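Examining the three-dimensional arrangement
So you can see what is in the structure, the chains are spelled out below.
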Amino acid sequence: MTYEFLQQYWWFLVSLLGALLVFLLFVQGANSLMFSLGRDEEERRMIINSTGRKWEITFTTLVTFGGAFFASFPLFYSTSFGGAYWLWMIILFSFVVQAVSYEFQNKLGNILGKRTFQWFLIINGIIGPLLLGGAVGTFFNGSSFIVEKDNLISGIMPVISYWGNAGHGLDALLNPWNLVLGFAVLFLARVLGILYIMNNVEDENIRCRGSVLLIGNSVPFVILFVAFLVHVFVKDGYAVEPETGVIFIEPYKYLHNFTDMWYLLIIMLAGVAMVLYGIIRTIVSKSYIRGIWPAGAGTVLTVLCILLCAGWNNTAYYPSDIDLQSSLTIANSCSSEFTLYTMAVVSLFIPFVLAYIVHAWHVMDRRKIDKKEISEGEAY
Amino acid sequence: MTDFLLNIDTAAIDWARAQFALTAIYHWLFVPLTLGLALIMGIMETCYYRTKKQFWKDATRFWQKLFGINFAMGIATGIILEFEFGTNWSNYSWFVGDIFGAPLAIEGIIAFFLESTFVAVMFFGWQKVSAGFHLAATWLTGIGATFSAWWILVANAWMQYPVGCTFNPDTMRNEMTSFAEVALSPFAVNKFCHTVTSAWIIGALFVVAVSCYYLFRKREKELAIESIKIGSIVGLAASLLAIHTGDGSAYQISKVQPMKLAAMEALYDGGTDQGLTAIALVNPFSQPEYEKGGEPPMRISIPYALSFLATRDIHGYVPGVNDILKGGYPKADGTKEMTMDEKIKNGRQAVIALQEFRHLNALERQNQLGGDGCQRREALKRVLNEKMPYFGYGFIKEKSQLVPYIPLCFYSFRIMVGLGTLFVVFFMAMLLVAYRKKDVTAKWMLITGMALLPLGYIASECGWLVAEFGRQPWAIQDMMPTWVGVSNIGSGSIMITFMIFLALFTTLLAVEISILIKAIKKGPDRE
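Nothing here was measured: the structure is a model prediction, and the numbers come from that model. (Residues numbered from 1 in each chain as written. Chains lettered and ligands numbered in written order. Predicted model: local features only at pLDDT ≥ 70, side-chain atom pairs only at ≥ 80, totals over all residues.)

**Points about the overall build of chain A**
Across its full length, chain A holds 16 helices and 6 strands. In terms of C-alpha radius of gyration, chain A reaches 21 Å, essentially the compact-globule figure of 21 Å for 380 residues. Its C-alpha atoms put chain A at 65 × 45 × 40 Å along the principal axes. Here the contacts in chain A between residues at least 6 apart in sequence split such that 77% fall between residues at least 24 apart. (Helix = DSSP H or I, 4+ residues; strand = E, 2+ residues; numbered from the N terminus. Rg over C-alpha atoms; globule rule 2.2 N^0.38 Å. Contact = placed C-beta atoms within 7 Å.)

Written out as structure tokens, the structure is:
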């Protein structure tokens, strides 16, 4: 295995984790619609119990995404988290309040009241996907940072990565295209959330409402997603000269990436088709409740291809718009060959991990959530 | 010789440290109970699996309910720690991310998924999966949590005792050279054993305290007695193991972090035949004037004990704060420790050599590096190989920066050890009463059982205070002081996030305690 191969491989794994995370944001999407999908406390409780059996997987995927980025691309980890401080902190705060909301909301002794924790779930349900999407938008639209490794020994200010403005990450939200992607991810999460709840909760009223809400959330999702995709296809991109590591602006870079890596384009289009199939068939057919599976798998494929397009084929995946040469590429931001190799060995555990998650998920979901389940069985 | 005009906002460093301390201390309020209760629940569910007695199922489910309330807080306070290295310690994250990132990623891949997948089966799977699968899920949740402790403690141990890496001047960072040395570092093994056994003590104290409450109220007698038996066995075994591993830990510290040991002991001037201070009057509110020498007033010590603890020889030499600041004292292997002036000189030479090396690299990029330059660069590489282990000393302005805050280390250490010893006695007494009299009714004993729970948490947190304050100023021992590891964020921003964390975690802690108390008062559900 060459160093270049390991770099590409780890970009693939990080992209895969990101793609799985976007799929798993169905937890957030469904929570954000808690009051529209569930009209009374009992219905809401079913929804919360349904997402409540999956939220830890989403949460863990986010944490592992952070850990894997740290191990494989530490310069991204230090530059982005340390620079776009507020963007990441707000995302993290929203996940902190989410983590206790399931366990605490229906317990005796909850001195903040049930509503507080329901609102925590909704806040996380909106802020989480929106800002994560916005953060991914900067992979294409650029951020304001400078990396100067000699700072460490300059004797004045030792920090090597610093942000170019006082926004510390919130500046990402001033770029409309980051917002477009952020809202696209939010509406996608809501679409997936609806599809998941329709599948996982056995309740006629919720399913009927789901069908209606699905239309209202799919339309903005499709419009925003297509808009972002077109924007990416026509915009200038950040390319890197592989021999010298010099970064330069290349017109239509991302379009070129998709034509150079045509297989990604095919997989992505297949993914998009699967998402649309899952949505449309659920809307059209009353008895069809398995839309989450094609739409979920399609989401993973689509996001995977978009993230691969951002990093593969000599592209700077984390571009700096104030100092082009500070932009991060998978080659200049990755770990040493030894570490990437070691971690590649560790990554052989991943199929095993996926297998037991799927098995446990399957066993636990054999019986759908219904009113009887939450009144008699174990429930939040 | 360069003199650093480090232009970092000192308030930003203090707030970043405060924020890390706050989030880590809060996280550690919940983790030990997770680790400890997981073991006790596992034992109880195994009893149920083997005997099929309904009693054991009810008992398991009761403790699992309390486990779940606490577990949620552990997760909520844990996520931030995964990202805080990047947000607040970005320079650190680049400088050693090649080594430090790996255990964090492995923790996610191997441990967190195990924990988060099977915890859902454990809570919601009683009627959905077979008894055997459920038992496996309960144990796997605990094993996942314990694996996660392993990897995060590997990471922590590495900061205290950096091994298995080398500095690469081209990339300006440390790079891993041996995964085995990092993952199986003796410091990590000992830290893991000491930390996990101490967590089991908390689990045992919790179970015993809740059971004592029931006996005090004269209810749930069977549950309480059986829980006390299991809890006390676990607690006694864990306390004895914690003492054993703690002793090993002190021995290791004496070798790799002598300043921490000196600060723990408030030992200003060392020597041979050192006694272990049992208690002394160290002003808790200000750094003592160690440079004047002598020993703290009212000192009562156990003769020869410190020498034995640190060197395994009652006549062994233990350096004090002033000896370490001066250097040149004899080491156990017969050699002499380098003087501190020399370490600082080496550190500065490393910095200067690195500056020149980077300059030559820049020239090379512009194709202006001639043959002389190449030779010079090779020579610099050799200098760096030799001097980089002292790199961190290049950032030290005054030697006093090398001394941690002694009163905190001194008292935390004493509280931890004193309470640890008390727990051994307590669990022994509990066991004796529970097994011989079959009935624990003595009121003083029940009150003691309840009162010891908060002391358990205090002892546990004190252990971390010793470990983390004792290594100041180092983020990474000898390689990077805290003020070089920070991010370039204004102190205002960090102060605001600190306040948000403080308010949020404190509020949620209040809710958690309130819910726990209600759940305990309600008692176990019976099928």
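**Some details on the nonpolar core**
With 303 residues, the main nonpolar core has Ala184(A), Val191(A) and Leu192(A) as its most contacted residues. At 23 residues, helix H3 (residues 90-124) of chain B tops the list of elements feeding residues into this core. The residues touching Leu192(A), leaving out its near neighbours within four places in the chain, are Phe23(A), Leu25(A), Phe26(A), Gly29(A), Ile292(A), Ala295(A), Gly296(A) and Thr299(A). (Core = buried A, V, L, I, M, F, W, Y, C linked by C-beta atoms within 7 Å. Buried ≥ 20, exposed ≤ 12 C-beta atoms within 10 Å, placed from the backbone.)

**A closer look at the interface of chain A and chain B**
Contact residues are listed per partner, giving 69 residues for chain A and 74 residues for chain B. For the side of chain A that touches chain B, the leading source of residues is helix H7 (residues 85-105) of chain A, giving 12 residues. Split by residue class, the side of chain A that touches chain B holds 43 nonpolar, 17 polar and 9 charged. (Nonpolar A, V, L, I, M, F, W, Y, C, P; charged D, E, K, R; others polar.)

**Section: unusual backbone geometry**
The omega angle of the peptide bond from Gln472(B) to Pro473(B) is 10°, so this bond is cis rather than trans. Considering the arrangement of structural elements, one finds Pro473(B) in the loop between helix H14 (443-469) and strand S7 (474-476). Although it is not a glycine, Asn313(A) adopts a positive phi angle of roughly 60°. Position of Asn313(A) relative to the elements: it lies in the loop between helix H13 (292-311) and strand S5 (316-318). At Asp478(B), a position not held by glycine, the phi torsion is positive, near 65°. Mapped onto the elements of the fold, Asp478(B) is located in the loop between S7 and strand S8 (480-481). Asp478(B) gets classed as partly exposed once you count the C-beta atoms within 10 Å, which come to 18.

**Considering helix H14 (residues 337-346) of chain A**
Where H14(A) is concerned, the buried positions are Thr339(A), Leu340(A), Thr342(A) and Met343(A). The buried side chains of H14(A) occupy one side of the element, clustering within an arc of 160° when seen end-on. On its buried side, H14(A) packs onto helix H1 (3-24) and helix H5 (55-72) of chain A together with H3, strand S2 (173-176) and helix H5 (179-183) of chain B. (Arc of directions from axis to C-beta.)

**Here's the deal with the packing of helix H15 (residues 350-364) of chain A against H3(B)**
In contact at an axis separation of 10 Å, H15(A) and H3(B) are set at 10° when each is read in the N-to-C sense. When the axes of H15(A) and H3(B) are compared, the pair comes out roughly parallel. Along its contact with H15(A), which presents Ile350(A), Val353(A), Tyr356(A), Ile357(A), Ala360(A) and Met364(A), the element H3(B) presents Ile109(B), Phe113(B), Thr117(B), Phe118(B), Ala120(B), Val121(B) and Phe124(B). A breakdown of the residues in the contact of H15(A) with H3(B) according to their chemical character gives 12 nonpolar, 1 polar and no charged. (Axes fitted to C-alpha atoms, helices over the stretch in contact; angles between N-to-C directions. Parallel < 35°, antiparallel > 145°, perpendicular 65-115°, else oblique.)

**Thoughts on helix H6 (residues 186-216) of chain B**
All names here are of chain B. Under the 1.5 Å per step criterion, the end-to-end length of H6 is 44 Å for 31 residues, consistent within 8% with the ideal 45 Å. Of all the 31 residues making up H6, 27 are buried; the element is thus mostly covered by neighbouring parts of the structure. Positive backbone phi, at 55°, marks Lys 218, one or two positions downstream of H6. (Expected span 1.5 Å × (residues − 1).)

**A few points about the pairing of strand S1 (residues 165-168) of chain B**
Residues and elements named next belong to chain B. Where burial is concerned, the two faces of S1 differ: the one with Cys 165 and Phe 167 is buried and the one with Thr 166 and Asn 168 is not. Here 4 bridges tie S1 to S2, and the two strands are oriented antiparallel to one another. The partner of Phe 167 across the bridge, within S2, is Asn 174. Hairpin connection, S1 to S2: the antiparallel pair is bridged by 4 residues, and Met 172 has positive phi, about 65°. (Pairing = 2+ DSSP bridges.)

**A few points about the environment of Thr77(B)**
Residue and element names in this part refer to chain B. Positionally, Thr 77 belongs in helix H2 (residues 54-88). Judged by the 27 C-beta atoms lying within 10 Å of it, Thr 77 is buried. Through-space distance from the C-alpha of Thr 77 to that of Ala 24 is 8.1 Å; in sequence the pair is 53 residues apart.

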